[in-house]
Amino acid sequence: MSLVDANSAGFVHGGTVMKLCDEAAGLAAIKHSRRRVVTAGMDRMTFNEPVNIAELVTFKASVNAVWRTSMEVGVRVESEDPRTGVVRHTSTAYLTMVALDDDGRPVGVPALSVDTPDEQRREREAQTRRRNRLAEREELLRHREREA
Ligand SMILES: CC(C)(COP(=O)(O)OP(=O)(O)OC[C@H]1O[C@@H](n2cnc3c(N)ncnc32)[C@H](O)[C@@H]1OP(=O)(O)O)[C@@H](O)C(=O)NCCC(=O)NCCS
């Protein structure tokens, strides 16, 4: 990360990290679906520690779960001080990407093979995030209907 990415505190802008998470998630989703994709939402973005200017930042994206046309992609962000080799886990993001057909309509995506204990944990946690998101949406809609 270079100086143009810095905020006034001397750290990398959160928005810069978010944008790169979105790009990494998009690529993982394209590779899984072999389709073009759009970002439908970002369920969570944590900033555990700041990223310092001149650190080497790595974005590791994995497709955690797939539904009909959507996929949850998790992105782990790690920052390395190239002078010491110390690597820190600085952010985590979870994004929902939707695959589109050539006419721009949502299209089905291939099933995900979930084999290792890590893959099973990621899938389980992605299902929980989706359930919570949909439950929140239902509740907000119910309140609005009651107030209308
Ligand atoms: C995302 C988008 C394609 C969904 O279109 P839609 O007409 O609502 O389509 P559907 O209702 O069939 O939903 C398609 C899938 O998107 C998911 N989805 C829609 N809105 C969502 C949201 N806000 N968060 C998470 N998932 C969402 C649905 O759950 C569904 O998933 P499923 O098929 O796996 O069950 C559409 O809203 C869109 O194009 N949004 C703009 C995307 C964009 O510009 N992103 C930024 C630049 S990439």
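Residues numbered from 1 in each chain as written. Predicted model: local features only at pLDDT ≥ 70, side-chain atom pairs only at ≥ 80, totals over all residues. Heavy atoms only, no water.

Asker: Which residues make up helix α1 (residues 14–33), and what values go with them?
Answerer: Here α1 spans 28 Å end to end across 20 residues, near enough to the 28 Å set by a 1.5 Å rise per residue. Among all positions in α1, only Thr16, Val17, Cys21, Ala24, Ala25, Gly26, Ala28, Ala29, His32 and Ser33 are buried. Contact partners of the buried residues in α1: β1 (36–47), β2 (56–66), β3 (70–80) and β4 (87–100). Two residues or fewer after α1 comes arginine 34, characterised by a positive phi angle close to 55°. (Helix = DSSP H or I, 4+ residues; strand = E, 2+ residues; numbered from the N terminus. Expected span 1.5 Å × (residues − 1). Buried < 20%, exposed > 50% of the residue type's maximum accessible area, 1.4 Å probe, protein only. Contact = heavy atoms within 4.5 Å.)

Asker: Quick rundown of the packing of aromatic side chains? Include the residues and the values.
Answerer: Working definition: an aromatic ring pair is given by the centre-to-centre distance plus the angle between the planes. Enumeration over the complete set of coordinates arrives at zero aromatic pairs. Taking the ring centre of tyrosine 94 as reference, the NZ or CZ of arginine 129 above it sits at 3.5 Å. (Phe/Tyr/Trp six-rings, centres within 6.5 Å; stacked < 30°, edge-to-face > 60°. Lys NZ or Arg CZ within 6 Å of the ring centre and 35° of its normal.)

Asker: How would you explain the site of the ligand if you had to name every residue and give the values?
Answerer: In the neighbourhood of the ligand, the contacting residues comprise Val38, Thr39, Ala40, Trp67, Arg68, Thr69, Ser70, Thr96, Val98, Pro106, Arg130 and Arg133. A distance of 2.9 Å separates a nitrogen atom of the ligand from a polar backbone atom of threonine 39. Take serine 70: an N or O atom from its side chain is 2.6 Å from an oxygen atom of the ligand. Isolated, the ligand exposes 940 Å² of accessible area, and the fraction of that covered by the protein chains is 49%. Elements represented by at least two residues in the shell around the ligand include exactly β1, β4 and α2 (117–147). Residue contributions to the shell around the ligand peak at three residues, all from β1. (Near = heavy atom within 4 Å. Polar contact = N/O pair within 3.5 Å; in protein donor to acceptor, adjacent residues only side chain to side chain. Areas by Shrake-Rupley, 256 points an atom, 1.4 Å probe, with all protein chains shown as cover.)

Asker: Residues and numbers for the pattern of salt bridges, please.
Answerer: In the structure shown here, the tally under the stated rule is twelve salt bridges. For the salt bridge of glutamate 78 with lysine 60, the shortest nitrogen-to-oxygen distance reads 3.2 Å. On the criterion of sequence distance, the pair formed by glutamate 78 in strand β3 and lysine 60 in strand β2 is long-range, its members being 18 residues apart. Taking the relative accessible area as the measure of exposure, lysine 60 reaches 44% and is therefore partly exposed. The residue arginine 76 makes a salt bridge to glutamate 78 at a minimum N-O spacing of 2.7 Å. Taken together, the shared-partner salt bridges connect Glu49, Glu55 and Arg88 into one network. (Salt bridge = Lys/Arg side-chain N within 4 Å of Asp/Glu carboxyl O.)

Asker: Tell me about the sheet that holds β2, and please be specific about residues and values.
Answerer: In a beta sheet, neighbouring strands pair by backbone hydrogen bonds and run either parallel or antiparallel. Strand order across the open sheet formed by four strands is β1-β4-β3-β2, with antiparallel pairing between neighbours. Two strands lie at the open edges of the sheet, namely β1 and β2, each paired on one side alone. Taking the axes of each pair of neighbouring strands and ignoring which way they run, one obtains an average angle of 25° across the sheet. Where β1 lies against β4, ten bridges are found, and the strand directions are antiparallel. The partner of arginine 44 across the bridge, within β4, is tyrosine 94. This element, α1, spans β1, β2, β3 and β4 of the sheet and lies at about 135° to β1. The strands that α2 touches are β1, β2, β3 and β4; relative to β2, the one it contacts most, it runs at about 75°. (Pairing = 2+ DSSP bridges. Axes fitted to C-alpha atoms, helices over the stretch in contact; angles between N-to-C directions.)

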